[in-house]
Amino acid sequence: MREEQLKPDFYLDQKNALSVGKKVKACEGRLEKINLLSRLYDDCKGFVELSEETHDSSLDSEVEDSLHALEKKVEEVKIETLLSGKYDSLNAIMTLHSGAGGTEAQDWTEMLYRMYKMYCEKHNFSIKVLDVLNGDEAGLKSITFEVEGENAYGFLKAEKGVHRLVRISPFDANARRHTSFASVEVMPKIEEKPNIEIKPEDLKIDTYHSSGAGGQNVNKTESAIRITHIPTGIIVSCQVERSQLQNKETAMQMLYSKLAEKEEQEELEKLASLRGEIKKIEWGSQIRSYIFCPYTLVKDHRTGYEETNISSVMDGNIQEFINEYLKKL
């Protein structure tokens, strides 16, 4: 009995310790960036003073390189100051859905997932797949994954919307040009439950066999969970945890996050309508186009930012698109 009474306090203390640890790590990261800026500034100042004292033109390249490094880091820090939203500092949960078009659209969804995976690797973000539905022949019908890292939601919220692909389809024997769509949902992972009430009678909970990796339980027990929030129609699912209870806890956390994100979006739309600038994100209004043929171009339709090196973009180099979006918020 005594052990059972101590368990809640133990888990609460453990959760608080993790929360404090994350805050400490975030503060250490900010301090490290400040120290790096200070060192880069001192390097620039030292090279300039040495160049002026010695009149040695060979130092000009050193001065230019140090100034360029300082400018790049200052720009990065400036962008981070734009992440002042309520949930910007949190981890992100992303869901990719293939649009109409069968295998072509499903392949495009997998290409987008690879792009985000590589972006996360470049920025030291970690990824955990929560739910996946494979395509009939290739690609992905949908995938949900968590991105863990400092300001993950603040950056990746820029990717929310419909992404359009134009290319010669590798699945078309006649080598015709195809247009495919995939939608990207992004929501913050909210550790603490927001001030949102979820009534048990508003939930429809279904269990099903897990289709992903997970050991001997896969396809033998109905450990995967799908929860439908009846009033809003929001559906969340999780199949990667070891038990049905763990999958349910993760799915409920996703539901709280989606409801909180929906609430924030509604507040933003109210403010936008007062300014007369409300813009709906819907299936026909893509935020970005990726054109492989007849020319190569990636264009963000919200900001006008373009990049012709489409291979680099598909390898995860999308930070400039994100920066331009944040600057216009």
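About the cut-offs
- Residues numbered from 1 in each chain as written.
- Predicted model: local features only at pLDDT ≥ 70, side-chain atom pairs only at ≥ 80, totals over all residues.
- Heavy atoms only, no water.
- Helix = DSSP H or I, 4+ residues; strand = E, 2+ residues; numbered from the N terminus.
- Expected span 1.5 Å × (residues − 1).
- Buried < 20%, exposed > 50% of the residue type's maximum accessible area, 1.4 Å probe, protein only.
- Pairing = 2+ DSSP bridges.
- Phe/Tyr/Trp six-rings, centres within 6.5 Å; stacked < 30°, edge-to-face > 60°.
- Lys NZ or Arg CZ within 6 Å of the ring centre and 35° of its normal.
- Salt bridge = Lys/Arg side-chain N within 4 Å of Asp/Glu carboxyl O.
- Patch = residues over 30% accessible without salt bridge, like charges linked within 9 Å, V, L, I, M, F, W, Y side chains within 5 Å.
- Areas by Shrake-Rupley, 256 points an atom, 1.4 Å probe, with all protein chains shown as cover.
- Lys, Arg positive; Asp, Glu negative; His and termini not counted.
- Charge placed at Lys NZ, Arg CZ, Asp CG, Glu CD.
- Axes fitted to C-alpha atoms, helices over the stretch in contact; angles between N-to-C directions.
- Core = buried A, V, L, I, M, F, W, Y, C linked by side-chain atoms within 4.5 Å.
- Contact = heavy atoms within 4.5 Å.

(A) Geometry of unusual backbone geometry. The peptide bond linking Cys293 to Pro294 adopts the cis configuration, its omega dihedral lying at 10 degrees. If you trace the backbone, Pro294 turns up in the loop between strand S9 (286-291) and strand S10 (297-300). Unusually for a residue other than glycine, Asn124 sits at a positive phi of about 60 degrees. Note that Asn124 resides in the loop between helix H3 (103-122) and strand S2 (126-134). At Asn151, a position not held by glycine, the phi torsion is positive, near 65 degrees. Its place among the elements puts Asn151 in the loop between strand S3 (140-148) and helix H4 (152-156).

(B) Geometry of helix H2 (residues 60-81). Here H2 is 22 residues long and its end C-alpha atoms lie 32 Å apart, about the 32 Å a rise of 1.5 Å per residue gives. Those residues of H2 that fall on the buried side of the exposure criterion are Val63, Ser66, Leu70, Lys73 and Ile79.

(C) Seen up close, the pairing of strand S1 (residues 92-98). In terms of burial, S1 is largely enclosed, as six of its seven residues are buried. As judged from the seven bridges shared by S1 and strand S5 (residues 177-188), these two strands associate in the antiparallel manner. Each residue of the ladder has a partner; that of Met94, found in S5, is Val186.

(D) Inspection of the packing of aromatic side chains at higher detail. Per the counting criterion, the structure on display carries four aromatic pairs. For the ring pair Tyr113 and Phe145, a centre distance of 5.1 Å and an interplane angle of 65 degrees mean the geometry is edge-to-face. Here Tyr113 is found in helix H3, whereas its partner Phe145 is found in strand S3, with 32 residues between them in sequence. By relative accessible area, Tyr113 is classed as buried at 12%. Note on Phe145: relative accessible area 0%, which makes it buried. The ring of Tyr208 carries the charged tip of Arg226 above its face, separated from the ring centre by 4.4 Å.

(E) Looking closely at the pattern of salt bridges. Taken as a whole, this structure holds 17 salt bridges when the rule is applied. Here Glu185 makes a salt bridge to Lys258, at a shortest N to O gap of 3.0 Å. One end of the pair, Glu185, is in strand S5; the other, Lys258, is in helix H5 (residues 244-275), and 73 residues separate them in sequence. Ionic pairing is found between Glu306 and Lys299, a salt bridge with its closest N-O pair at 3.8 Å. Lys299 gets classed as partly exposed once you look at its relative accessible area, which sits at 31%. When salt bridges that share partners are traced, they join Glu159, Arg288, Asp300 and Arg302 into one network.

(F) Spatial organisation of a negative patch on the surface. On the surface, a cluster of negative charge is contributed by Asp56, Asp60, Glu62, Glu64 and Asp65. Looking at the element boundaries, Glu62 is found in helix H2. For Glu62, a relative accessible area of 36% puts it in the partly exposed group.

(G) Up close: the sheet that holds strand S6 (residues 203-208). An order of S6-S7-S8 is seen for the three strands of this open sheet, with the pairing classed as antiparallel. A single partner strand is all that each edge strand has here, and the edge strands are S6 and strand S8 (234-238). Strand-to-strand twist of the sheet, defined as the mean angle between neighbouring strand axes without regard to direction, takes the value 15 degrees. Where strand S7 (residues 224-229) and S8 come together, five bridges link them in antiparallel fashion. Considered in S8, the bridge of Ile227 is made with Val236.

(H) How the structure looks around the nonpolar core. Residues Leu112, Tyr116, Val147, Leu255 and Tyr290 are the most contacted members of the largest nonpolar core, which totals 58 residues. Here this core takes eight residues from H3, the largest share from any one element. Apart from the residues lying within four places of it in its own chain, the contact partners of Tyr290 are Trp108, Leu112, Met115, His163, Arg164, Leu165, Val166, Leu297, Val298, Ile310, Val313 and Met314.

(I) Inspection of the side chain of Glu104 at higher detail. Tracing the chain through its elements places Glu104 in helix H3. Setting aside residues no more than four positions away along its own chain, Glu104 makes contact with Leu165, Arg167, Ser169, Pro170, Phe171, His178 and Ser180.

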